[in-house]
Amino acid sequence: MRQAQHETNAETTPINTRRQALKCMLWAGSGVLWTVAGGVPRSSIIGSAQAADIPTTDFMFAQVSDSHIGFHAPANPDVKQTFRHAVRQVAALKGRASMLIHTGDVSHLGKDDELDTAQRILHDAGMDAHVIPGEHDMLLNHGQGFYRRFSPKDAEPLGAYTFDDHGVHFIALNNVSDFRPGGLGRLGAGQMAWLKADLQGRSASQPIVVLAHMPLWSVYPRWGWGTDESAELLAAFKPFGSVTVLNGHIHQVLQKVEGHVAFHTALSTAFPLPAPGDGPGPIPVKLPSAALAQALGTATVHVIGSDTGLAVVNQPLGA
Amino acid sequence: MRSSTVIARCAVSSLILAGILTGERPFAASHAHAQALPAPAAQVRVLIHNYAFHPATLRIAPGTTVTWVNQDDDVHTVMNADHGHLFSSKPLNTGQSFSHTFDAPGIYPYLCSVHPFMTGAIIVKAGA
């Protein structure tokens, strides 16, 4: 999964052309539109021509991720504004999309005022929002501020919970609370047992959508982009005909299919990160703010398949 | 006569030892001259840069204070990886720092709890 195919992976160098900037900014600022037809979710970038062409289906929802409210570095001096922009795009889908999912790192430091701000902005979408924790949301008081605002009262001890919508079973996980040195995301034994109990006896034909912040498959372990229990998870999901995993954390779109399980990572609404392994670490990519304003919501996305058929990369092609 | 020679020799060897210790530390106070006894408590910095601790492994003498300084645009933490969590910083934003004084000899592995692939170790040993 070293994404050499990812055309935008050289954006740690200065941007010379508007076209390059637009390509790069597709990594940030937009949400993802999900439509479910025949139990199979499909994605498109909100605001893209592809999204506009999607026919009405039974079920449509939006995903945003990694808003990092409280981040103040040059990669994005105004994360509130970009998050508001993404949520406004989602709000415009009201009537078509029935809910909004945020796949974590709502806040940058997990502070009360950051979480409050994020909650207010999410409210403006005008639809139900499901928010799962990222590791930044867990930084203070073991994430109590996050749980109090966003997790159901009857959730599993780490905030994991399930809900059903239009016949789809959603499983919201927390793989950011039990890190080990040098390790990846981690669900922990308790949450794994809780998950297996939830799957036990469930009809194999029911579509399942799994939400987790860090990728549930191994994207780039050297930067911690994966989850310790991914093999165990794949085994647990094996009997099911349609499993879609939605992740955030890596601030770029990557997709992978393994058996009946499709993995997707989402864009950040705050700032892009480099492609896996590009540079010494996942350092926020700095862009001119003008490029950000110009690029938001103007993009189209083409999906291309790789030679192996295992990995699909949403490759931004400019405005 | 004999006993005073022994005392003098001891004093000289501790001075040499103090000089070697401070000389080995990249950011330690470097003025270890004769009248500085007892030596001031040693201070060492570990830089957090590009999602790594520099140096990742640090050998220090007991009583040394280690200060971690975050030079990244992202937030990091410094958390002892042992179950006791002997030391654990608050989230460190850009430019913020955290200090801990290591009195007891031992090996102290630690990590950034935001980015657990970032790991380091402090080795506290007399004469280090």
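The sections below set out a description of the structure shown in this document. (Residues numbered from 1 in each chain as written. Chains lettered and ligands numbered in written order. Predicted model: local features only at pLDDT ≥ 70, side-chain atom pairs only at ≥ 80, totals over all residues.)

### A closer look at the overall build of chain B
So the rule is basically this: In this text, helices come from DSSP runs of H or I with a minimum length of four residues, and strands from runs of E with a minimum of two, each type numbered from the N-terminal end. Note on burial: count the other C-beta atoms lying within 10 Å of the residue's C-beta; 20 or more is buried, 12 or fewer is exposed, in between is partly exposed, and C-beta positions come from the backbone. Two residues qualify as a contact pair if the distance between their C-beta atoms, derived from the backbone, is within 7 Å.
Per the secondary structure count, chain B includes one helix and eight strands. Secondary structure of chain B in N-to-C order comes out as α-β-β-β-β-β-β-β-β. For chain B, with 128 residues in total, the buried portion stands at 30%. Considering only residue pairs separated by 6 or more positions, chain B has 43% of its internal contacts joining residues 24 or more positions apart.

### Brief notes about the interface of chain B and chain A
Test applied: Residue type decides the class: Asp, Glu, Lys and Arg count as charged, Ala, Val, Leu, Ile, Met, Phe, Trp, Tyr, Cys and Pro as nonpolar, and the leftover types, Gly among them, as polar.
In this complex, chain B contributes 17 residues to the contact, which on the side of chain A involves 20 residues. Across the side of chain B that touches chain A, the residue classes break down as ten nonpolar, five polar and two charged.

### Topic: the sheet that holds strand β1 (residues 43-49) of chain B
Residues and elements named next belong to chain B. Selection rule: Paired strands, as defined in this entry, are two strands with at least two bridges between them according to DSSP. Think of each axis as a best-fit line through the C-alpha atoms, taken over the contacting stretch in the case of a helix, with angles from 0 to 180 degrees between the N-to-C directions.
Taking strand neighbours across the sheet as the criterion, the four strands line up as β2-β1-β4-β6 in an open arrangement whose pairing is mixed. Bordering the open sheet on either side are β2 (52-54) and β6 (97-102), each of which pairs with just one other strand. Pairs of neighbouring strands in the sheet enclose a mean axial angle of 25°, with direction left out of account. Direction of pairing for β1 relative to β2: antiparallel, over a ladder of three bridges. Looking across to β2, one finds that Ile 48 is bridged to Phe 53.

### Quick word on the packing of helix α3 (residues 79-91) of chain A against helix α4 (residues 112-123) of chain A
Residue and element names in this part refer to chain A. We apply this condition: An angle below 35 degrees is read as roughly parallel, one above 145 as roughly antiparallel, one from 65 to 115 as roughly perpendicular, and any other as oblique. Handedness of a helix crossing follows the sense of rotation of the near helix relative to the far helix, less than a right angle counterclockwise being left-handed and clockwise being right-handed.
One can describe the packing of α3 onto α4 by two numbers: an axis separation of 9 Å at closest approach and a directional angle of 25°. Judged by the inter-axis angle, α3 sits roughly parallel to α4. The chirality of how α3 crosses α4 is right-handed. In this structure, α3 uses Lys 80, Phe 83, Arg 84 and Val 87 to contact α4, whose residues at the interface are Thr 117, Ile 121 and Leu 122. When its residues are assigned to classes, the contact of α3 with α4 shows four nonpolar, one polar and two charged.

### Looking at helix α7 (residues 230-237) of chain A
A turn of α-helix holds 3.6 residues, and therefore any two residues three or four places apart point the same way. Residue and element names in this part refer to chain A. Spelled out, the test is: As used here, the arc belongs to the directions running from the helix axis to the C-beta atoms.
Listed as buried for α7 are Ser 230, Leu 233 and Phe 237. Across the axial projection of α7, the buried residues extend over an arc of 55°, all falling on one side. Facing away from the buried side of α7, by more than 90 degrees, are the exposed residues Ala 231 and Ala 235.

### Some words on the sheet that holds strand β2 (residues 40-45) of chain A
All names here are of chain A. Strand order across the open sheet formed by five strands is β2-β1-β3-β4-β5, with mixed pairing between neighbours. The open sheet has two edge strands, β2 and β5 (128-131), and neither has a second partner. Neighbour-to-neighbour, the strand axes of the sheet open up by a mean angle of 25°, direction not taken into account. Note: strand β1 (residues 32-37) against strand β3 (residues 59-64), five bridges, orientation antiparallel. Bridging from a neighbouring strand, Trp 34 pairs with Phe 61 of β3.

### Comments concerning the environment of Arg180(A)
Residue and element names in this part refer to chain A. Summarising the element assignment, Arg 180 is placed in the loop between β7 (168-172) and α6 (188-199). The class for Arg 180 is exposed, based on 12 C-beta atoms found within 10 Å. Each C-alpha atom, one on Arg 180 and one on Ile 132, is 20 Å from the other, the two residues being 48 residues apart in sequence.

### Digging into the nonpolar core
All names here are of chain A. Applicable threshold: Defined on buried residues, the nonpolar core groups Ala, Val, Leu, Ile, Met, Phe, Trp, Tyr and Cys residues joined through C-beta atoms within 7 Å.
Ranked by internal contacts, the top residues of the largest apolar core, which has 108 residues, are Ala 62, Val 90, Leu 100, Leu 173, Val 210, Leu 211 and Val 245. The element that contributes the greatest number of residues to this core is α3, accounting for five residues. Ignoring any residue separated from it by four or fewer positions in sequence, one finds Val 210 in contact with Ile 171, Leu 173, Leu 216, Val 243 and Val 245.

### A look at the pairing of strand β3 (residues 57-60) of chain B
All names here are of chain B. Only one face of β3 is covered, namely the face carrying Leu 58 and Ile 60; the face carrying Thr 57 and Arg 59 is uncovered. Bridging between β3 and strand β8 (residues 119-124) involves four bridges; their strand directions are parallel. Along β8, the bridge assignment pairs Arg 59 with Ile 123.

### Some words on the environment of Ser43(A)
Residue and element names in this part refer to chain A. Along the polypeptide, Ser 43 turns up in strand β2. With 19 residues separating them in the primary sequence, Ser 43 and Ala 62 have C-alpha atoms 9.1 Å apart. For Ser 43, the contacting residues outside a window of four places in its chain are Val 32, Leu 33, Trp 34 and His 264.

### Focus on unusual backbone geometry
The omega torsion across His54(B) and Pro55(B) is -5°, close enough to zero to call that bond cis. Relative to the elements of secondary structure, Pro55(B) occurs in the loop between β2 and β3. You will see that Asn141(A), though not glycine, has its phi angle at about 50°, which is positive. Secondary-structure assignment places Asn141(A) in the loop between β5 and α5 (144-150). Unlike most non-glycine residues, His249(A) shows phi in positive territory, near 75°. Mapped onto the elements of the fold, His249(A) is located in the loop between β9 (243-247) and β10 (255-258).

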